[in-house]
Number of protein chains: 2
Amino acid sequence: MDILEPIKQRRSIRKFKKDSIPTEVIDKILEAGSWAPSGLNNQPWRFMVLEANEKDAIAQFTKYSSIIKAADKIILVFMDKDASYSYEKDLMAIGACIQNMLLYAHKQGIGSCWLGEILNQRKEVQKHLGILENLELEAVIALGYPAEKGEKGERLALNKLMIK
Amino acid sequence: MDILEPIKQRRSIRKFKKDSIPTEVIDKILEAGSWAPSGLNNQPWRFMVLEANEKDAIAQFTKYSSIIKAADKIILVFMDKDASYSYEKDLMAIGACIQNMLLYAHKQGIGSCWLGEILNQRKEVQKHLGILENLELEAVIALGYPAEKGEKGERLALNKLMIK
């Protein structure tokens with residue numbers, strides 16, 4: 001199989017069907033995330049999965065509330081600062097972790113949207129959830145069975161990305 | 001196909017055969033990277049590919065010089081600060097970009113090692129290469145056909161990663 005296909009076909013999905021994602025599938029998505037590489041294998045990522053009312057209560061902290069409300073479940077991705085050895089490298093590791101989850105979800109026919117704007121209210125989200133200071137929210141991933149195809153993907157041509 | 005297999009089987013490879021990776025394959029690796037998601041689709045990643053003497057000259061900037069020397073080629077991954085809208089989110093996007101490249105390379109039978117320690121001498125690397133200040137080195141990826149299997153992967157169990 002060509003892994004370039006899922007990499008290129010994955011899209012941000014913002015509208016979802018009502019169907020529920022089985023817990024076992026969510027666990028597999030998280031497992032995929034956990035197999036990302038990290039510096040010194042420090043695995044700085046931590047996860048929280050919310051659904052139903054607990055999920056909907058998070059919508060107040062972002063202008064993209066409709067995506068959170070439409071999603072079946074959300075994964076909140078945190079950095080464990082106690083596990084961190086380099087903020088910068090740990091952020092990249094968490095990006096790799098998230099990409100694993102998006103790709104795995106896509107291959108299971110599950111749509112996802114990586115929400116970053118909510119970080120503007122990171123402190124409020126953490127206070128709402130009672131999440132301790134040694135954890136830092138880095139992303140919220142909305143998940144559900146897609147009710148749209150997603151936008152056409154657009155990327156810069158490779159020659160625009162090369163230096164020299 | 002199950003995308004969990006390449007995600008879980010990929011390993012850091014530090015010893016490489018002498019065989020050369022064709023340019024077309026390197027371009028596909030970069031293309032895979034370029035299809036990562038980024039906030040506002042700002043695509044903050046930029047690439048430089050070095051081989052032979054130009055590659056070996058980079059080895060002086062890291063204590064992992066043997067990996068760079070053993071590799072067939074290296075990809076230097078930069079953030080384009082002119083394209084950046086959030087340093088933190090752009091680092092995560094670059095992490096996603098790198099993970100795409102590692103996974104694609106793995107599926108092509110190419111070993112890779114994500115080098116982060118070299119960032120300690122980021123300024124010296126950029127000065128050596130004459131890379132302008134609007135670019136920031138974020139990682140070096142060593143690539144080559146594997147001459148070792150890589151270490152056994154170890155990850156925390158999912159219940160250690162869940163909050164609450």
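Being a predicted model, the structure only gives us computed values, none of them experimental.

Calculation criteria
- Residues numbered from 1 in each chain as written.
- Chains lettered and ligands numbered in written order.
- Predicted model: local features only at pLDDT ≥ 70, side-chain atom pairs only at ≥ 80, totals over all residues.
- Pairing = 2+ DSSP bridges.
- Helix = DSSP H or I, 4+ residues; strand = E, 2+ residues; numbered from the N terminus.
- Axes fitted to C-alpha atoms, helices over the stretch in contact; angles between N-to-C directions.
- Buried ≥ 20, exposed ≤ 12 C-beta atoms within 10 Å, placed from the backbone.
- Contact = placed C-beta atoms within 7 Å.
- Nonpolar A, V, L, I, M, F, W, Y, C, P; charged D, E, K, R; others polar.
- Expected span 1.5 Å × (residues − 1).
- Parallel < 35°, antiparallel > 145°, perpendicular 65-115°, else oblique.
- Left-handed = near helix turned anticlockwise from the far one by under 90°.
- Core = buried A, V, L, I, M, F, W, Y, C linked by C-beta atoms within 7 Å.

S.K.: Would you mind showing me how to read the sheet that holds strand 3 (residues 111-115) of chain A here?
M.R.: Sheet strands associate in pairs through backbone hydrogen bonding, adopting either a parallel or an antiparallel arrangement. Residues and elements named next belong to chain A. The strand order across the open sheet built from 4 strands is 1-2-4-3, with neighbouring strands paired in antiparallel fashion. Two strands lie at the open edges of the sheet, namely strand 1 (45-51) and strand 3, each paired on one side alone. Sheet twist, expressed as the mean angle between neighbouring strand axes with direction ignored, is 25°. Across 5 bridges, the pairing between strand 3 and strand 4 (residues 135-144) is antiparallel.

S.K.: Sorry, what's going on with unusual backbone geometry here?
M.R.: Only a minority of non-glycine residues have a phi that is not negative, and only a minority of peptide bonds are not trans. Residues and elements named next belong to chain A. Although it is not a glycine, L40 adopts a positive phi angle of roughly 60°. With respect to the helices and strands, the residue L40 is situated in the loop between helix 2 (23-34) and strand 1. On the basis of neighbour counts, which here come to 12 C-beta atoms within 10 Å, the residue L40 falls in the exposed class.

S.K.: Can you help me understand the interface of chain A and chain B in this one?
M.R.: When the parts come together, some accessible area is lost, and that loss is often what is quoted as the size of the interface. Tallying the contact residues gives 53 residues for chain A and 53 residues for chain B. For the side of chain A that touches chain B, the secondary-structure elements that each account for two or more residues are helix 1 (4-9), helix 2, strand 1, helix 5 (87-107), strand 4 and helix 7 (158-161) of chain A. The biggest single contributor to the side of chain A that touches chain B is helix 5 of chain A, with 15 residues. Taken together, the residues of the side of chain A that touches chain B sort by class into 32 nonpolar, 9 polar and 12 charged.

S.K.: Mind showing me how you'd approach the environment of Q108 of chain A here?
M.R.: As for its position among the elements, Q108 of chain A is in the loop between helix 5 and strand 3. Taking the C-alpha atoms as reference, Q108 of chain A lies 9.3 Å from I29 of chain A; in sequence the two are 79 residues apart.

S.K.: Help me understand the environment of A57 of chain B, please; the structure alone is not making it clear to me.
M.R.: With respect to the helices and strands, the residue A57 of chain B is situated in the loop between helix 3 (52-56) and helix 4 (65-70). Take A57 of chain B: there are 14 C-beta atoms within 10 Å of it, and that puts it in the partly exposed class.

S.K.: Honestly, the sheet that holds strand 2 (residues 73-80) of chain B in this entry has me stumped. Any pointers?
M.R.: Residue and element names in this part refer to chain B. Strand order in this open sheet of 4 strands is 1-2-4-3, and the pairing throughout is antiparallel. Two strands in the sheet have a free side with no partner beyond their single neighbour: strand 1 (45-51) and strand 3 (111-115). On average, adjacent strands in this sheet sit at an angle of 25° to one another, irrespective of strand direction. As judged from the 7 bridges shared by strand 1 and strand 2, these two strands associate in the antiparallel manner. If you follow E51 over to strand 2, its bridge partner there is K73. Here helix 5 (residues 87-107) sits on the sheet in contact with strand 1, strand 2, strand 3 and strand 4 (135-144), set at roughly 15° to strand 4.

S.K.: How should I be thinking about helix 2 of chain A in this particular structure?
M.R.: An α-helix turns once every 3.6 residues. As a result, residues three or four positions apart point the same way. Here helix 2 of chain A spans 16 Å end to end across 12 residues, near enough to the 16 Å set by a 1.5 Å rise per residue. Taken together, the buried positions of helix 2 of chain A are I26, I29, L30, A32, G33 and S34 of chain A.

S.K.: What should I look at first to understand the packing of helix 5 of chain A against helix 5 of chain B in this one?
M.R.: Think of two packed helices as two axes; the pair is described by the angle between the axes and how far apart they sit. Where helix 5 of chain A meets helix 5 of chain B, the closest approach of the two axes is 6 Å, and the angle between their N-to-C directions is 55°. By the angle class used here, helix 5 of chain A and helix 5 of chain B are oblique. For helix 5 of chain A against helix 5 of chain B, the interelement crossing comes out right-handed. Contacts from E88, L91, M92, A93, I94, G95, A96, I98, Q99 and N100 of chain A of helix 5 of chain A reach helix 5 of chain B at E88, L91, M92, A93, I94, G95, A96, I98, Q99 and N100 of chain B.

S.K.: In this structure, what is going on with the pairing of strand 4 of chain A? I would like to understand it.
M.R.: As a general feature of sheets, a regular strand has side chains that alternate between the two faces. Residues and elements named next belong to chain A. Burial runs high along strand 4: 9 of the 10 residues are buried. Looking at chain direction, strand 2 (residues 73-80) and strand 4 are connected through 8 bridges and run antiparallel. Its bridge partner lying in strand 4, K73 is registered against L143.

S.K.: Where do I start with the nonpolar core in this structure?
M.R.: In summary, soluble globular proteins display a tendency toward joint burial of nonpolar side chains. In terms of nonpolar packing, the biggest core is built from 102 residues, with I98 and I141 of chain A together with I98 and I141 of chain B touching the most fellow members. Beyond its immediate chain neighbours, meaning those up to four positions away, I141 of chain B contacts I74, I75, V77, I98, M101, S112 and W114 of chain B.

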